[in-house]
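# A look at the structure
Given next are the chains, with one letter for each unit.
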Amino acid sequence: MSIRVRFAPSPTGHIHVGNLRTALFNYLFAKNQNGQTILRIEDTDTVRSTLESEELIYKDLDWVGLEFDESPLFEGDYSPYRQSDRLDIYKKYADKLLEDGFAYYCFCSKEELDAEREKAAKESRPPLYNLKCANTSLDEAKKRIANGEKPAIRFRAFKENIIVKDIIHGDIDFPTNSFGDFIIVRPDDMPIYNYVVVVDDALMKISHVIRGDDHLSNTPKQALIFEALGFETPIFAHIPMIVGDDHAKLSKRHGTTSVEQFRDNGYLPEALINYLALLSWSSDDGKEVFSIDELIERFSIKRVSKSAAVFDFDKLNWMNGQHIRLLDSDRLFKECLPYMKSIELLTDEFIEQNIYRLKECLLSVKDSLVTIKDVTQNISVYFKQPDDITSAAKEILELESTKPVLENFIQLIGDDEYLTIDRYKSIMKEIQTTIGVKGKPLYMAVRVGISKSTEGPELDSLTTLIPVKCIKKRIEKVLLIKK
Ligand code: GLU
């Protein structure tokens, strides 16, 4: 069997991480099995779907690097891939269902149906259709339509039960009297999700439907339609929901949930992808940090668990830090560039002229970044001495030895544009021998003199990546506080 999977988002906004994980599991499964990936835009909900949202979906998928083999962006063997461009196809198959008796026109008004539903609720029964139009013949229905009536098309739940095969949940036996005859085309001629998805999955030769388990209850309806149209039913894999720490479905109130927000908050696409892959799936050896290629190699849909996955923001932060540490200098620079530009001194011209130095600065703070956004705070010390001194730094400043260390340091620093690492080390050695200060009081004094803080990048980096004349000025200023 050739493996073909689809990701079928509705274009109603940015991709939510839950949807991205669905896209990812489809992608990993297909790539692992040398299959094909299809991106289908499900926009039959004309009220909520927009072309702008469709663009956002492409942008988000592009950012995370999930490329689909077939999509509305280019012609493919099963084009078109946008449901609103397939309405004539749905019409054709709806006519077939009507002809074959698997569907019938339903003339019941909304008011009638609402009243029925209310009555069922009062009597604590499932809201099943009362079958009023189930026996209206097709000829008679067509006459009523010719007279201007606008019916829906209703699918006949023609069996008592249907078994759905699901890789994650096993075989599930659904009794059809839990939903009864259901609408597949609305009176305004717009076909409904449960119907169009079947026509598309069948015609696009989808072998496996991997999607969120919120669609599990739709599946028996779809399975019935597959059977009625004589199509082969795909294999299903319903993956568990992502929930917040209160075990409610992950939503905005838990924090960031849209892919765009993660991008804007300084997360790396590979970290988000890696983190999402570990929600409900794990590798058999417990390894956690993976590249996309490693994920493709190891992913198995059979190892996806049934239970909901809790979205752990701390773990995502950890994962992001791990992937930041793996970046090479060029990529780190590229990712950090938009954020660096928010530092006052870092004009485009300055950046252009100081690329080498900036890259070194970035490498010096790389291991302490949780998100790329943190870079602004972490490297600003290289370009501006903070206005305020920290209380820990003040304590260092009050040590007897600090003043002589700093005075000696600026005396020995020389006039080169930058200190080399060797020069810096020999200065420190010299101070140590001439005034006998060593260890923490020596190193902290210099650190505080330069940065007014006891924390920050390695002193080796601070002393060699800030111009000598700036270091001098900074230390002079700090010595003034001392007085
Ligand atoms: N358009 C549906 C959604 O966004 C996809 C359902 C499916 O995968 O069948 O939830």
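Above this text sits the structure in question.
Everything in this summary refers to the structure shown in the same document. (Residues numbered from 1 in each chain as written. Predicted model: local features only at pLDDT ≥ 70, side-chain atom pairs only at ≥ 80, totals over all residues. Heavy atoms only, no water.)

Before going further, it helps to examine the overall build of the protein. Assigned secondary structure in the protein consists of 21 helices and eleven strands. Here the C-alpha atoms of the protein give a radius of gyration of 32 Å, more than 25% beyond the 23 Å that 2.2 N^0.38 yields for 483 residues. Each principal axis of the C-alpha distribution contributes one length, and for the protein these read about 110 × 45 × 40 Å. Summarising the internal contacts of the protein: among those between residues at least 6 apart in sequence, 76% fall at separations of at least 24. By element, 49% of the accessible surface of the protein is carried by carbon and sulfur atoms, the whole surface being about 23900 Å². When the 65 positive and 78 negative side-chain charges of the protein are each reduced to one mean point, those points stand 2 Å apart. (Helix = DSSP H or I, 4+ residues; strand = E, 2+ residues; numbered from the N terminus. Rg over C-alpha atoms; globule rule 2.2 N^0.38 Å. Contact = heavy atoms within 4.5 Å. Areas by Shrake-Rupley, 256 points an atom, 1.4 Å probe, with all protein chains shown as cover. Lys, Arg positive; Asp, Glu negative; His and termini not counted. Charge placed at Lys NZ, Arg CZ, Asp CG, Glu CD.)

Taking 1.5 Å per residue, 14 residues should reach 20 Å; helix α2 (residues 51–64) reaches 20 Å between its end C-alpha atoms and fits that length. Turning to α2, its buried residues are S53, E54, I57, Y58, D60, L61, W63 and V64. Check the buried side of α2 and you find it contacts β1 (4–7), α1 (17–32), β2 (36–39), α8 (259–264) and α9 (269–277). One or two steps after α2, the chain reaches G65, where phi turns positive at roughly 80°. (Expected span 1.5 Å × (residues − 1). Buried < 20%, exposed > 50% of the residue type's maximum accessible area, 1.4 Å probe, protein only.)

Lining the immediate surroundings of the ligand are R6, A8, S10, E42, Y193, V197, R211 and H215. One of the backbone nitrogen or oxygen atoms of A8 is found 2.8 Å away from a nitrogen atom of the ligand. At 2.8 Å, a side-chain N or O of R211 approaches an oxygen atom of the ligand. Protein chains bury 83% of the 300 Å² of accessible surface belonging to the ligand in isolation. Partitioning the shell around the ligand into residue classes produces three nonpolar, two polar and three charged. (Near = heavy atom within 4 Å. Polar contact = N/O pair within 3.5 Å; in protein donor to acceptor, adjacent residues only side chain to side chain. Nonpolar A, V, L, I, M, F, W, Y, C, P; charged D, E, K, R; others polar.)

Our focus in this paragraph is the pairing of strand β4 (residues 152–155). Here β4 shows a buried face lined by A152 and R154 and a second buried face lined by I153 and F155. Where strand β3 (residues 103–106) meets β4, four bridges bridge the pair, whose relative direction is antiparallel. If you follow C106 over to β4, its bridge partner there is A152. By the bridge criterion, three bridges tie β4 to strand β7 (residues 182–185) in an arrangement that is antiparallel. Along β7, the bridge assignment pairs F155 with F182. (Pairing = 2+ DSSP bridges.)

Bringing the pattern of salt bridges into the picture now. For the coordinates displayed, the defined rule picks out 33 salt bridges. In this structure, D348 engages K341 in a salt bridge whose closest nitrogen and oxygen atoms are separated by 3.5 Å. Beyond isolated ion pairs, a larger network of salt bridges with shared partners links R6, R40, E42, R86, D200 and D201. (Salt bridge = Lys/Arg side-chain N within 4 Å of Asp/Glu carboxyl O.)

Picture the strands of a sheet paired through backbone hydrogen bonds; they go either parallel or antiparallel. If you walk across this open sheet you meet the three strands as β3-β4-β7, and the pairing is antiparallel. Edge positions in the sheet fall to β3 and β7, since each of these pairs with one other strand and no more. For this sheet the average axis-to-axis angle between neighbouring strands, irrespective of direction, equals 45°. (Axes fitted to C-alpha atoms, helices over the stretch in contact; angles between N-to-C directions.)

Tallied over the entire structure, the rule returns 17 aromatic pairs. With a centroid separation of 5.3 Å and an interplanar angle of 85°, the aromatic rings of F262 and Y267 are classed as edge-to-face. Each member of the pair, F262 as well as Y267, carries the same accessibility label: buried. Joined through ring pairs, the aromatic side chains of F102, F155, F158, F179 and F182 make up one cluster. Positioned above the aromatic ring of F25 is the side chain of R21, whose terminal nitrogen or guanidinium carbon lies 5.3 Å from the ring centre. (Phe/Tyr/Trp six-rings, centres within 6.5 Å; stacked < 30°, edge-to-face > 60°. Lys NZ or Arg CZ within 6 Å of the ring centre and 35° of its normal.)

Turning next to the packing of helix α6 (residues 193–203) against helix α7 (residues 219–228). The contact between α6 and α7 brings their axes to 9 Å, and the two run at 50°. Viewed along their axes, α6 and α7 adopt a mutual orientation that is oblique. Where α6 crosses over α7, the two elements pack in a sense that is right-handed. Together, Y193, N194, Y195, V197, V198, D201 and A202 of α6 and K221, Q222, I225 and F226 of α7 make up the contact between the two elements. In the contact of α6 with α7, the residues fall into seven nonpolar, two polar and two charged. (Parallel < 35°, antiparallel > 145°, perpendicular 65-115°, else oblique. Left-handed = near helix turned anticlockwise from the far one by under 90°.)

A separate point is the environment of E344. Counting through the fold element by element, E344 comes out in the loop between α12 (329–340) and α13 (348–353). Residue classification places E344 among the exposed positions, given a relative accessible area of 78%. Sequence-wise, E344 and S217 are 127 residues apart; in three dimensions their C-alpha atoms are separated by 55 Å.

Before going further, it helps to spend a moment on a nonpolar patch on the surface. On the surface, a nonpolar cluster with roughly 280 Å² of combined accessible area is contributed by M1, I167 and I235. Within the secondary structure, I235 is located in strand β9 (residues 235–239). What makes I235 partly exposed here is its relative accessible area of 31%. (Patch = residues over 30% accessible without salt bridge, like charges linked within 9 Å, V, L, I, M, F, W, Y side chains within 5 Å.)

So, about the environment of L363. Mapped onto the secondary structure, L363 falls in helix α14 (residues 355–365). The exposure class assigned to L363 is partly exposed, which follows from its relative accessible area of 34%. Through-space distance from the C-alpha of L363 to that of C336 is 11 Å; in sequence the pair is 27 residues apart. Sequence-distant contacts of L363, defined by excluding residues within four places in its chain, comprise S329 and L332.

Right, let's get into the state of the cysteines. Within this structure, the stated rule accounts for zero disulfides. In this structure C470 is a free cysteine whose sulfur lies 12 Å from that of C361, the closest cysteine sulfur available. Judged by relative accessible area, C470 falls into the partly exposed class, the value being 31%. (Disulfide = S-S within 2.5 Å.)

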